[in-house]
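# Results of the structural survey
What follows is the residue order along each chain.
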Amino acid sequence: METLIEVNKKEENNVLIFEFTGELDETNADKTFKSIYDEIGEDFSGKQILFNLVGLKYLNSKSIGYIADVFSNIEDADGKMCISNCSDGVKDILELVGITTIIPTLDTQEEAMKELA
């Protein structure tokens, strides 16, 4: 049975914002990130991406790998990416694996939008 995850995409000031609600785990990570890659498109050039994790309660290592891969593709194509609105538990996981030292991780979407501007 697939764990519930919802990802809403919107665009604001040329920034693609993906807002996560639910949990990312083995049952839904592949499908979820395939749809995110589809939304971003094949050309990462100059893209600005924000992962707003406001409603994310949990993420597994596979999901962290996908986040790192999106960031790597964005960075290689001279784009920018930020993470915002992590719950304490999710932020602890991201800090533990070192993602927060690589990808700018901000407390609010507003701060992240300023970083991406």
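What counts, and where the lines are drawn
- In this convention, every chain numbers its residues from 1, walking through the sequence in written order.
- Per-residue local features are limited, in this predicted model, to residues with pLDDT of at least 70; the limit for side-chain atom pairs, both in listing and counting, is 80 or more; totals at the level of whole chains, interfaces and linings are taken over all residues.
- Excluded from the side-chain calculations are hydrogens and water; all other atoms, namely the structure's heavy atoms, are used.
- Helical segments are the DSSP runs of H or I of at least four residues, strand segments are the runs of E of at least two, and each set is numbered from the N terminus.
- Note that the radius of gyration is over C-alpha atoms, with the globule rule given as 2.2 Å times the number of residues to the power 0.38.
- Classification of residues uses two cut-offs on accessible area relative to the type maximum, computed with a 1.4 Å probe and protein chains only: under 20% is buried, over 50% is exposed, and between them is partly exposed.
- A 1.4 Å probe and the Shrake-Rupley method give the accessible areas. Residues count as covered only by the protein chains that appear here.
- Charge convention: Lys and Arg are scored as positive, Asp and Glu as negative, and His as well as the terminal groups of each chain are ignored.
- Here the site of a charge means NZ on Lys, CZ on Arg, CG on Asp, or CD on Glu.
- Each salt bridge in this description consists of a side-chain nitrogen of Lys or Arg and a carboxyl oxygen of Asp or Glu lying within 4 Å of one another.
- To define a nonpolar core, start from buried Ala, Val, Leu, Ile, Met, Phe, Trp, Tyr and Cys residues and group those joined through side-chain atoms within 4.5 Å.
- We call two residues in contact when some of their heavy atoms are within 4.5 Å.
- Here, any two strands with at least 2 DSSP bridges between them count as paired.
- Note on geometry: axes are lines fitted to C-alpha atoms, helical ones only across the stretch in contact, with angles between N-to-C directions running from 0 to 180 degrees.

### Regarding the overall build of the protein chain
The secondary structure content of the protein chain amounts to five helices and five strands. Counting from the amino terminus, the protein chain carries its helices and strands in the arrangement β-β-α-β-α-β-α-α-β-α. Relative to the globule expectation of 13 Å for 117 residues, the C-alpha radius of gyration of the protein chain, 13 Å, shows essentially globular dimensions. With 117 residues in all, the protein chain has 44% of them scored as buried. Summing over all exposed atoms, the protein chain offers an accessible surface of approximately 6,300 Å²; the carbon and sulfur share of this is 47%. Positive and negative charge centroids in the protein chain, built from 10 and 24 side chains respectively, lie 4 Å apart.

### Some remarks on the pattern of salt bridges
One side chain can pair with another of opposite charge once the charged atoms of both are near each other. For the structure shown, the criterion picks out six salt bridges. For the salt bridge of Lys62 with Asp30, the shortest nitrogen-to-oxygen distance reads 3.2 Å. Taken together, the positions of Lys62 in helix H2 (residues 61-76) and Asp30 in helix H1 (residues 29-40) put the pair 32 residues apart, joining distant regions of the chain. Judged by its relative accessible area of 38%, Asp30 is partly exposed. Bridged by salt links that share partners, the residues Glu26, Asp30 and Lys62 form one connected network.

### What to know about unusual backbone geometry
Negative phi values dominate among residues other than glycine, just as trans dominates among peptide bonds. Positive phi, close to 65 degrees, is recorded for Asn14, a residue that is not glycine. The topology assignment puts Asn14 in the loop between strand E1 (5-12) and strand E2 (15-24). Asn14 gets classed as exposed once you look at its relative accessible area, which sits at 59%. Positive phi outside glycine occurs at Asp78, with the angle close to 60 degrees. One can find Asp78 in the loop between H2 and strand E4 (80-84). Overall, the relative accessible area of 71% leaves Asp78 in the exposed class.

### Points about the nonpolar core
Counting 28 residues, the largest nonpolar core has Phe20, Phe51, Leu53, Met81, Ile83 and Leu94 as the members making the most contacts within it. Counting residues per element, the ones that place at least two in this core are E2, H1, strand E3 (48-59), H2, E4 and helix H3 (88-96). When near neighbours in sequence (up to four residues on either side) are disregarded, Met81 contacts Ile49, Phe51, Ile67, Val70, Phe71, Ile74, Ile103, Pro104 and Leu116. Counting residues in each nonpolar core, the second largest holds seven residues, with Val15, Cys82, Ala112 and Met113 among its members.

### Observations regarding the sheet that holds E4
Spatially, E1-E2-E3-E4-E5 is the arrangement adopted by the five strands of the open sheet, whose pairing is mixed. Since the sheet does not close on itself, it has two edges, and those belong to E1 and strand E5 (105-106), each with one partner. Two elements, E2 and E3, share eight bridges in a ladder whose sense is parallel. Opposite Glu19, over in E3, you have Asn52 as the bridge partner. Most of the contacts of H2 go to E3, to which it runs at about 175 degrees, and overall it touches E2, E3 and E4. Across the sheet, helix H5 (residues 109-116) lies against E1, E2, E3, E4 and E5, angled at about 170 degrees from E4, the strand it touches most.

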